[in-house]
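# A closer look at the structure
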Amino acid sequence: MEREARRGEAETVRAVTRWYDENARDLPWRRPGATPWAVLVSEFMLQQTPVERVREPWARWLERWPTPAALADSPSGEAVRAWGRLGYPRRALRLHGAAVAIAERFGGEVPADLDDLRSLPGVGSYTAAAVASFAFGRRAVVLDTNVRRVIGRVAIGEAYPGTSPTRAETAVAEAYLPDEPAVAARWAVASMELGAVVCTARRPRCEGCPVPERCAWRRAGYPEWSGPPRRGQTYEGTDRQCRGALLAVLRSSDSPVGPEELEAAWPEPVQRERALASLVADGLVVGPAPEDGGDEVRWALPGGRGAGTSAP
DNA sequence: AAGTCGTGGGG
DNA sequence: TCCCCAAGACT
């Protein structure tokens, strides 16, 4: 029974990887010349952000900071500025922090070991597995939202909701993972690609699927998600929107910004002050600067290397 | 462990 | 228009 199941999974792996050979998108971080650092940067940027929005910032980022050491030598605020409008700017801070850690603890080389990767700020179980697999060809369970959806549909017959992966889910994913590292790495990209372009969340293109006959979800007649309703994320008027508006002002200014400009970006005072305080707490914003001379209150992106801690 | 954290495009 | 959601991590 075990052998039977694993054989079926191996067949799925073969079919999906063959499909990938013919249908893979040409993404720059997948090209042979891409360094582990380039892959790591792409993974940070791709967290919750669509591929098409990442291409250009990724290229500019690596032009400017071709190595972890290069980024580590720049102020963290420059990373926040270069992050632009990718969203979730704390990722920029964490990527900078990861670069510092790589420079200090790993001799400037992106580590290949899962636990070492996970020790870096902003690197969770998905990103660690992705870098180990994509950059180093290691055998790792790469379980992102795409792969979860593919496995959920094919093996379980129902797509999972958007919470974090369960232990049971990881066990199913492990059953698919081929023994050979190179094959496992191939399966990781291929299954992710399938979820990204064919087995999509909305309007899946089942006509283009390499394994329709193996899909439990299709056999069951494409049932809707029967569990609890997904939590909708409102955005208008939230602190997140306010933070985004304030940070956009600071990003576009080369010099510290005074209260008038922040008021213009977000008139409501209570929420503005709360959001500003949270940005400072996160290390995304610093100020007022004491050495700035007068008692004028001004704010800026962080100038030092540390996240939140300014140099003396 | 549910909430928080940006931004923009497509159905 | 509105709603969904896109290679998650952290607390």
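Residues numbered from 1 in each chain as written. Chains lettered and ligands numbered in written order. Predicted model: local features only at pLDDT ≥ 70, side-chain atom pairs only at ≥ 80, totals over all residues. Heavy atoms only, no water.

## Some words on the protein's contact with DNA strand C
Stated precisely, the cut-off is as follows: Throughout, near means a residue has at least one heavy atom within 4 Å of the molecule or strand. N or O atoms within 3.5 Å of each other form a polar contact, as long as, within protein, one can give a hydrogen and the other can take it, and as long as residues adjacent in sequence are counted only when both atoms are side-chain atoms. Strands are runs of DSSP state E lasting at least 2 residues, helices are runs of H or I lasting at least 4, and numbering of each runs from the N terminus. The residue classification treats Ala, Val, Leu, Ile, Met, Phe, Trp, Tyr, Cys and Pro as nonpolar and Asp, Glu, Lys and Arg as charged. All others, Gly included, are polar.
Within the structure, DNA strand C sits among 28 residues, and Leu46, Gly122, Thr127, Asp144 and Asn146 are positioned closest to it. Considering the 4 Å shell around the protein, atoms of DNA strand C inside it are sugar or phosphate in 63% of instances. A distance of 3.2 Å is found between a base nitrogen of DNA strand C and a side-chain nitrogen or oxygen belonging to glutamate 43. One nitrogen or oxygen atom from the side chain of aspartate 144 is found 2.9 Å from a sugar or linking oxygen belonging to DNA strand C. Contributing elements (two or more residues each) for the surface near DNA strand C: helix H2 (36-46), helix H8 (125-136), helix H9 (145-156) and helix H11 (181-197). Taken together, the residues that form the surface near DNA strand C break down as 11 nonpolar, 9 polar and 8 charged.

## As for helix H15 (residues 269-282)
Cut-off, in case you're wondering: By definition here, a helix of n residues has an expected span of 1.5 Å times n minus one. Any residue under 20% of the maximum accessible area for its type is buried, any over 50% is exposed, and the rest in between are partly exposed; the area is computed with a 1.4 Å probe on protein chains only. Starting at the helix axis, one direction is taken to each C-beta atom, and the arc is that of these directions. The contact criterion used throughout is that any non-hydrogen atoms of two residues lie within 4.5 Å.
For H15, built from 14 residues, the straight-helix expectation of 20 Å at 1.5 Å per residue is met to within 8% by its first-to-last C-alpha distance of 20 Å. Restricting attention to buried positions, one finds in H15 the residues Gln271, Arg272, Ala275, Leu276 and Leu279. The arc enclosing the buried residues of H15, seen along the axis, measures out at 130°, which places them on a common side. More than 90 degrees from the buried face of H15, the exposed residues found are Val270 and Ala281. Looking at the buried side of H15, the elements it contacts are helix H13 (239-251) and helix H14 (259-265). Within two residues after H15, glycine 283 carries a phi angle of roughly 85°, on the positive side.

## Some details on the packing of aromatic side chains
A ring pair, where both rings are aromatic, is described by two values, the distance of the centres and the angle of the planes. Which entries qualify depends on this criterion: Ring pairs are drawn from Phe, Tyr and Trp, using the six-membered ring of Trp, whenever the two centres fall within 6.5 Å, and their geometry is named by plane angle: stacked under 30 degrees, edge-to-face over 60, tilted for the rest.
This model, assessed by the stated rule, comprises 5 aromatic pairs. Both rings, one in tryptophan 61 and one in tryptophan 65, keep their centres 4.7 Å apart while their planes meet at 65°; by these two values the pair is edge-to-face. The residues tryptophan 61 and tryptophan 65 share a single accessibility class, namely buried. For the pair tryptophan 217 and tyrosine 222, a centre-to-centre distance of 4.9 Å together with 80° between the ring planes defines the contact as edge-to-face.

## Here we look at the state of the cysteines
Heads up, the rule is: Pairs of cysteine sulfur atoms within 2.5 Å are what we label disulfides.
Overall, the coordinates contain 0 disulfides when judged by the stated rule. A disulfide-free cysteine, cysteine 199 has its sulfur positioned 6.5 Å from the sulfur of cysteine 215, the nearest such atom.

## Some words on the packing of H9 against helix H10 (residues 167-176)
As a reminder of what qualifies: Fitted lines through C-alpha atoms serve as axes, helices being fitted only where they are in contact, and the angles separating the N-to-C directions of these axes extend from 0 to 180 degrees. We call two directions roughly parallel when the angle between them is under 35 degrees, roughly antiparallel when it is over 145, roughly perpendicular when it lies between 65 and 115, and oblique otherwise.
Across the interface, H9 lies against H10 with an axial gap of 11 Å and an inter-helix angle of 85°. Compared by their axis directions, H9 and H10 come out roughly perpendicular. Contact residues: H9 offers Arg148, Ile151, Val154, Ala155 and Ile156, while H10 offers Glu169, Val172, Ala173 and Tyr176.

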